[in-house]
Amino acid sequence: MSSKKSGADLKISGLLNINKPQDITSRQVVNQVQKLIKPNRVGHAGTLDPLATGVLVLCTGSNTRLIRFVQQQPKEYIGDFVLGKRSDTDDITGQISETADCRAITRQELENCLPAFEGKIEQIPPQYSAVHIDGRRAYDLARQGKSFEIQPREVEVYKIELLDFEFPRFQLRIVCGSGTYIRSIGRDLGEQLGVGATMSALVRTRIGPFTLDSALELNEELSLGTIAEKLQPAVMAVEHLPHYHCNERELLSMSQGQKLKCKPEHFPATPEIIEVAVISPQGGLVAIADWEPAENQLSPRQVFQPAPHL
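No experiment lies behind these values; they were computed from the predicted model shown.

From N to C terminus, the protein chain includes 7 helices and 19 strands. By its C-alpha atoms, the protein chain is 70 × 60 × 40 Å across when sized along the principal axes. As displayed, the protein chain offers around 15,600 Å² of accessible surface, 48% of which is attributable to carbon and sulfur atoms. Separation of charge centres in the protein chain, based on 34 positive and 38 negative side chains, amounts to 7 Å.

Quick look at the structure:
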């Protein structure tokens, strides 16, 4: 009788940082992991296009409920771009058109444009994107040759810097919030310079505390054992939230879905209800709760049962 364990034998629940290779979809990564750990669930926190590589955070088991919190955290990218080219996808995978008589852009000209792309900016997503247009994905409409318009949306870019420049190629480091399209930044930079630009490569180097140098490679060595070994704790998904460190009595109450009366000095001064990560004495995630300042209480929204070692 085989002693080899399957996903059904192990309770796989945690966060997995994968280095997504080029030319496969984020869904294909999920499917590879799902095949190994089923019936445990898997979901990814932020799509990477097939052209892109780098950090792809997977949430497994009960932690699939944390996907939106991972998505809220800042993301860092290194993007390569080519001036003098335009693409219907805003990257080199699409139909490329060359800019006639493209003038040579200087490094200084490019750097002078960058401040306009920092902070809260209005951005139009690419035509080939997952944005919904009247209930359909934009990329489906684009592939069918349909004419449609995507409305600009506000995104936030915390930092943009030029890492390398040798006309017509340049490289940017971009730290941004959720929903930002790096392809669109390259496209809009090219238009501002009057010559067009398209993205040639993209690496996501970080999402919150999840970094590329600690990511698990997706190769022949990926197994149930390596997945179980590399799982990260749920609390990493909520590093950006205010934390409330509870005692053992409060842990028991919160894990049973009961509200906690708390002193307001534990929380940011705000009249609004805010989400708080409730942390156990051992450092694990107990619950996501609403801090209700009018009632001076924490009201559990999502409860995570303490891990066996807590």
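Two faces belong to every sheet, and in a regular strand the side chains alternate between them. Across the 6 residues of strand 1 (residues 15–20), 6 count as buried, placing the element largely inside the fold. Going residue by residue along strand 1, you find Leu15, Asn17 and Asn19 tucked away on one face and Leu16, Ile18 and Lys20 tucked away on the opposite face as well. Pairing of strand 1 with strand 3 (residues 53–60), which is carried by 6 bridges, proceeds in the antiparallel orientation. Residue pairing for strand 3: Ile18 is matched across the bridge by Leu56. The pairing of strand 1 with strand 14 (residues 216–217) spans 2 bridges and is classified as parallel. In the strand pairing of strand 14, Asn19 is matched with Glu217.

Inside soluble globular proteins, nonpolar side chains tend to come together where they are buried. Formed by 29 residues in total, the largest nonpolar core has its most connected members in Phe170, Leu172, Ile182 and Leu189. Those elements that provide at least two residues to this core are strand 4 (75–83), helix 3 (107–113), strand 10 (153–166), strand 11 (169–176), helix 5 (182–193) and strand 12 (197–207). If you look at the next biggest cluster of nonpolar residues, it comprises 22 residues, including Val57, Phe69, Ile207 and Phe210.

What follows concerns helix 5. Its 12 residues give helix 5 an end-to-end C-alpha distance of 17 Å, which sits within 8% of 16 Å, the value for a rise of 1.5 Å per residue. For helix 5, the complete set of buried residues consists of Ile182, Arg183, Ser184, Ile185, Gly186, Arg187, Leu189, Gly190 and Leu193. Summarising the contacts, the buried residues of helix 5 are in contact with strand 4, helix 3, strand 7 (119–123), strand 10, strand 11 and strand 12. Taken from the residues just after helix 5, Gly194 is the one with a positive phi, measuring 80 degrees.

Within the secondary structure layout, Gln302 lies in strand 19 (residues 297–303). Residue contacts for Gln302: discarding those within four places in its chain leaves Arg65, Phe69, Ala287 and Ile288.

Sheet architecture is open: 5 strands sit in the order 15-17-18-19-16, paired in mixed fashion. In the strand order of this sheet, the two ends are held by strand 15 (243–245) and strand 16 (260–261), each with one partner. Note that strand 17 (residues 274–279) and strand 18 (residues 285–292) share 6 bridges and pair antiparallel. Along strand 18, the bridge assignment pairs Ala277 with Ile288. Together, strand 15, strand 16, strand 17, strand 18 and strand 19 form the strand contacts of helix 7 (residues 248–255), whose direction differs from that of strand 18 by roughly 80 degrees.

So, about the pairing of strand 18. Counting buried positions along strand 18 gives 8 out of 8 residues, so the element sits mostly inside the fold. Between strand 17 and strand 18, which pair antiparallel and follow one another directly, the connecting turn spans 5 residues, one of which, Gly283, has a positive phi of 95 degrees. In sequence, strand 18 turns back onto strand 19 through a hairpin of 4 residues, with Asn296 there showing a positive phi of about 50 degrees.

Okay, the environment of Gln73 next. Along the chain, the position of Gln73 falls in the loop between helix 2 (67–71) and strand 4. It is 6.8 Å that separates the C-alpha atoms of Gln73 and Gly177, two residues lying 104 residues apart in sequence. Filtering out sequence-adjacent residues up to four positions away, Gln73 remains in contact with Ile207, Gly208, Pro209, Met236, Ala237, Val238, Glu239 and His240. Reaching out from Gln73, the side chain makes a polar contact with the backbone oxygen of Ala237 at a distance of 2.9 Å.

About the criteria used
Residue positions are given per chain, counted from 1 along the sequence in the order it is written. Only residues with pLDDT of at least 70 get local features here, since the model is predicted, and only at 80 or more are side-chain atom pairs given and counted; chain-wide, interface and lining totals rely on the full set of residues. Hydrogens and water molecules were not included; the side-chain quantities draw on all heavy atoms of the structure. We count a stretch as a helix when DSSP gives it H or I for four or more residues in a row; a strand needs E for two or more, and each element gets its number in order from the N terminus. Only the protein chains shown count as cover for residues, and the accessible areas themselves come from Shrake-Rupley with a 1.4 Å probe. This count recognises Lys and Arg as positive and Asp and Glu as negative, with His and chain-terminal groups excluded. By convention, charge coordinates are those of NZ in Lys, CZ in Arg, CG in Asp, or CD in Glu. Under the scheme applied here, a residue whose accessible area is under 20% of the maximum for its type counts as buried, over 50% as exposed, and between as partly exposed, the area being computed with a 1.4 Å probe on protein chains only. At least two bridges found by DSSP between two strands are what make those strands a pair. We call a set of buried Ala, Val, Leu, Ile, Met, Phe, Trp, Tyr and Cys residues a nonpolar core when their side-chain atoms join them within 4.5 Å. Given the number of residues in a helix, its expected span is that number minus one, multiplied by 1.5 Å. Only heavy atoms enter the contact rule, under which two residues are in contact if any of them lie within 4.5 Å. Every axis in this analysis is a line fitted to C-alpha atoms, fitted for helices over the stretch in contact. Angles between the N-to-C directions lie between 0 and 180 degrees. Counted as a polar contact is a pair of N or O atoms within 3.5 Å, where, for protein atoms, one must be capable of donating a hydrogen and the other of accepting one, and residues adjacent in sequence contribute only when both atoms are in side chains.

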